[in-house]
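Structure assessment
Next come the chains, spelled out residue by residue.
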Amino acid sequence: MTIKEQEKYAESARKGNNFTAYDAGSLDELFQYELHHPKIPVKVKGKLFLRDILGLTGMQVSLNRLPAGRTVPFLHQHKQNEELYIFIKGSGQMQIDGEVVEVKEGTAVRISPDGQRCWRNNSTEDLYYIVIQAKDGSLQQDTFDDGMASDQPPVW
Ligand code: ZN
């Protein structure tokens, strides 16, 4: 997507004092988003990065739909970030350092920055997944150490 499109999406996000909410549409509508990036040799249809839209500061997240039969045509790795791929619908395969992992709805795969990764949808139905990346080793406090109960009741 272009910077202008990205700004348009960000403008339509709902912003509160302590939150930002963006409605990306249903999973079936993910093909409306197309990523154009100078480092990627092809336009990627069905990929939406959320960091700039939501103002995320500690992670990057993308929503993805890979068409049936499609293979990501290159391996990549990262300098600093670990990645978590959460598959939410469909099935396919990931390849990490030459090892093949079967993935399907409910599969979560964490990859270290150095891992040479690629994935494909070798099925006859589209594959849907969420990718989260954050700096490897950056999490300082786990859920129960970081979360604090509030003394205010919900308003609804
Ligand atoms: Zn990556």
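You'll find the structure just up there.
Keep in mind that this is a model prediction, so the values were computed, not measured. (Residues numbered from 1 in each chain as written. Predicted model: local features only at pLDDT ≥ 70, side-chain atom pairs only at ≥ 80, totals over all residues. Heavy atoms only, no water.)

One open sheet accounts for five strands, arranged β5-β6-β12-β7-β10; its pairing is antiparallel. Each edge of the sheet is formed by a strand with only one pairing partner; in this case those strands are β5 (47-49) and β10 (108-111). Averaged over neighbouring strand pairs, the angle between their axes works out to 15 degrees when direction is ignored. The pairing of β5 with strand β6 (residues 60-66) spans three bridges and is antiparallel. (Pairing = 2+ DSSP bridges. Helix = DSSP H or I, 4+ residues; strand = E, 2+ residues; numbered from the N terminus. Axes fitted to C-alpha atoms, helices over the stretch in contact; angles between N-to-C directions.)

Attention now goes to the pattern of salt bridges. Oppositely charged side chains can form a pair if their charged atoms are brought close together. Enumeration according to the criterion identifies five salt bridges in this entry. Across the pair Asp126 and Arg65 runs a salt bridge whose closest N-O atoms are separated by 2.6 Å. Here Asp126 is found in the loop between β11 (117-120) and β12 (127-135), whereas its partner Arg65 is found in strand β6, with 61 residues between them in sequence. Given a relative accessible area of 14%, Arg65 falls into the buried group. Across the pair Arg110 and Asp136 runs a salt bridge, and its minimum N-O distance is 2.7 Å. Residue Arg110 is located in strand β10, and its partner Asp136 is located in the loop between β12 and α3 (143-146); the two are separated by 26 residues in the primary sequence. (Salt bridge = Lys/Arg side-chain N within 4 Å of Asp/Glu carboxyl O. Buried < 20%, exposed > 50% of the residue type's maximum accessible area, 1.4 Å probe, protein only.)

Pairing is antiparallel in the open sheet, where three strands are placed in the order β9-β8-β11. Each edge of the open sheet carries a strand with a single partner, namely β9 (99-104) and β11. Across the sheet, the mean angle separating the axes of adjacent strands is 25 degrees when strand polarity is ignored.

For the rest of this paragraph, the subject is the coordination of the zinc ion. Around the zinc ion, the protein contributes the donor atoms His76 (NE2), His78 (NE2), Glu83 (OE) and Glu83 (OE), which lie 2.0 to 2.7 Å from the metal centre. Here the zinc ion is ringed by four donor atoms whose angles at the metal span 51 to 145 degrees, and the overall shape comes out irregular. (Donors = N, O, S within 2.8 Å, 3.2 Å for Na, K, Ca; no water. Tetrahedral: all angles 85-135°; square planar, octahedral: opposite > 155°, others 65-115°.)

Those residues of helix α1 (residues 3-11) not exposed but buried are Gln6, Tyr9 and Ala10. The arc that holds every buried residue of α1, seen down its axis, measures 100 degrees, which confines them to one face. When the buried face of α1 is taken as reference, the exposed residues oriented beyond 90 degrees from it are Lys4, Lys8 and Glu11. In the core, the buried residues of α1 are packed alongside β1 (14-15), β5 and α2 (51-54). (Arc of directions from axis to C-beta. Contact = heavy atoms within 4.5 Å.)

A positive phi angle is found at Asp97, which is not glycine, with a value near 50 degrees. Looking at where Asp97 falls in the secondary structure, it is placed in the loop between β8 (91-96) and β9. Under the relative-accessibility criterion, Asp97 is labelled exposed at 54%.

Our focus in this paragraph is the packing of aromatic side chains. Counted by the stated rule, this structure contains five aromatic pairs. For the ring pair Tyr9 and Tyr22, a centre distance of 6.1 Å and an interplane angle of 50 degrees mean the geometry is tilted. Of this pair, Tyr9 sits in helix α1 while Tyr22 sits in the loop between β2 (20-21) and β3 (34-35), and the two are 13 residues apart along the sequence. We note that Tyr9, like Tyr22, is buried. Their ring planes at 40 degrees and their centres at 5.4 Å tell us that Phe87 and Tyr129 sit as a pair that is tilted. Residue Phe87 is found in strand β7 (residues 81-89), and its partner Tyr129 is found in strand β12; the two are separated by 42 residues along the sequence. For Phe87, a relative accessible area of 1% puts it in the buried group. You can call Tyr129 buried: its relative accessible area is 4%. A connected cluster of aromatic rings, assembled from ring pairs, spans Tyr85, Phe87, Trp119 and Tyr129. Here Lys45 stacks its cationic end above the ring of Phe31, 5.5 Å away from the centre of that ring. We note Arg65 situated over the ring of Phe31; from NZ or CZ to the ring centre the distance is 4.0 Å. (Phe/Tyr/Trp six-rings, centres within 6.5 Å; stacked < 30°, edge-to-face > 60°. Lys NZ or Arg CZ within 6 Å of the ring centre and 35° of its normal.)

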